[in-house]
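# Survey of secondary and tertiary structure
The chain contents come next:
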Amino acid sequence: MKILLLGSGELGKEFVIAAQRIGQTVIAVDSYENAPAMQVAHGFEVINMLDGEALDRIVAKHQPDFIVPEIEAIRTERFYDYEKQGITVVPSAKAANFTMNRKAIRDLAAKDLGLKTANYRYATTAEELTKAVAEVGMPCVVKPLMSSSGKGQSTIKTSDDILKAWQYAVDGSRGDVVEVIVEAFVKFNSEITLLTVTQNNNPTLFCAPIGHRQERGDYQESWQPALISDKDLYEAQDMAEKVTEALGGAGLFGVEFFLADDGVYFSELSPRPHDTGMVTLAGTQNFNEFELHLRAILSLPIFEIKLEKVGASAVILASENSENPSFTGIEKIAGLSKTDFRIFGKPTSRPYRRMGVALVNDSLETPIDIVVEKAKKAASLITVHP
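All values derive from a computational prediction rather than experimental measurement.

### A look at the nonpolar core
- By size, the foremost hydrophobic cluster in this structure holds 40 residues, and its most contacted members are V243, L247, F257, F266 and L269.
- Put simply, the parts of the chain that give this core at least two residues each are helix 5 (102-112), strand 10 (188-198), helix 8 (230-247), strand 14 (251-260), strand 15 (263-270), strand 16 (310-317), strand 19 (354-362) and helix 11 (368-380).
- With six residues, helix 8 is the largest single contributor of residues to this core.
- If sequence neighbours within four positions are ignored, F266 has contacts with I105, R106, A109, L115, K116, T117, M239, V243, V255, E256 and F257.
- Core analysis: the next-biggest nonpolar cluster, separate from the first, contains 28 residues, M38, V68, L281 and L298 among them.

Take a look at the structure:
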């Protein structure tokens, strides 16, 4: 099969590696050369994926069996035409189109499916944002409708924050949609990602829930399994199954939830492997999230997803801008027990850019906080130099 991968970051790279292992052909696409997934793919294209004509051109050129989106900034409305041409869009054109825009997926979850979410409004100007904040109350969270890895996300605590939040959201937005979602702050105890695998001819499966900690809207550590009651887990699985069924198609979804005293709140959904799910690269499961995504796409039956170890991931961040970053400390992390790492191969760095990840696992009996601390210490051993 030929797969056209739209977006070629570190998640795409691991997906390509999984595909290569079972003999698939992948063409990696991104807006810059030498992106991580391009380094391991059979071929690559460099285009602006918000240019619909450029997207049409490479689809016509490569005639893929599958189109697999890995980022948000894509002219996703074109996907419906590709499906009509007989190309499988992953998980589906509807799923990709809805979830690339927070408005569509939030309205589907809250209004169409009746899932519990934070109170929310939309705004297309700073004036509308001021009105929306007054309606949902402070503190509240502001996010661009199209962004990833926390870009453009901020918390409004006082009226002085509103204009700054608007500008930060606009600057952090991907694509050409100048609109934000304003969410009332949910007093949650923790956050989880529930990796949910939909299959063409088999039942929906769930990975063990993944906990994570964020800074600047981006994850810093993730761990599996997360601590969650049976009641909350059942509620999250029920919500995840409803929303993925409504979106259709086969593949892995990263469904995010807040866990609060009054139950589970649906937060967001990604129709692809999730950054917090990189913890599965630590060998926590019988298949990591990228292998699960690929097998579901190819209609290869997945008998079960089994948690085999506890694990944690911790990000390795750059602190400076560089056109040729280098790394020290790799020999230190390599010498640790039950520890691994990935260097993503990004050709440039900037402050807080994710350049790699440390991975730790241990037996199922090991307290998860011990594994998380070990992952954080391992990540701190590697320094990114300009």
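### Re the UniProt feature "binding site: Mg(2+)" (unreviewed entry) in the protein
- Residues given the UniProt feature "binding site: Mg(2+)" (unreviewed entry) here are E256 and E268.
- Mapped onto the elements, E256 comes out in strand 14.
- Exposure remark for E256: the relative accessible area of 10% places this residue in the buried category.
- Residues within four places of E256 in sequence aside, it is in contact with I192, T193, H212, Q214, Y265, F266, S267, E268 and H274.

### Observations regarding the packing of aromatic side chains
- Scanning the entire structure with this criterion turns up five aromatic pairs.
- Taking 6.2 Å as the distance between ring centres and 45° as the angle between the ring planes, the aromatic pair formed by F79 and Y82 counts as tilted. Of the two residues, F79 and Y82 are both situated in helix 3 (residues 79-84); the distance of three residues between them amounts to about one turn of the helix. By the burial criterion, F79 is buried, and Y82 matches it.

### Remarks on the pattern of salt bridges
- All chains considered together, the criterion is met by 25 salt bridges.
- Notably, a salt bridge pairs E268 with K143, separated by 3.1 Å at the nearest N-O pair. Taken together, the positions of E268 in strand 15 and K143 in strand 7 (residues 140-144) put the pair 125 residues apart, joining distant regions of the chain.
- Residue R354 is joined to D218 by a salt bridge in which the shortest nitrogen-to-oxygen separation is 3.3 Å. In this pair, R354 sits in strand 19 while D218 sits in strand 13 (residues 218-224), placing the two residues 136 residues apart along the sequence.
- Owing to a relative accessible area of 7%, R354 belongs among the buried residues under this scheme.
- One network of salt bridges, in which partners are shared, links E10, D218, D275, K346 and R354.

Rules used throughout
Residues numbered from 1 in each chain as written. Predicted model: local features only at pLDDT ≥ 70, side-chain atom pairs only at ≥ 80, totals over all residues. Heavy atoms only, no water. Core = buried A, V, L, I, M, F, W, Y, C linked by side-chain atoms within 4.5 Å. Buried < 20%, exposed > 50% of the residue type's maximum accessible area, 1.4 Å probe, protein only. Helix = DSSP H or I, 4+ residues; strand = E, 2+ residues; numbered from the N terminus. Contact = heavy atoms within 4.5 Å. UniProt positions renumbered as here; feature names shortened; annotations may be inferred. Phe/Tyr/Trp six-rings, centres within 6.5 Å; stacked < 30°, edge-to-face > 60°. Salt bridge = Lys/Arg side-chain N within 4 Å of Asp/Glu carboxyl O.

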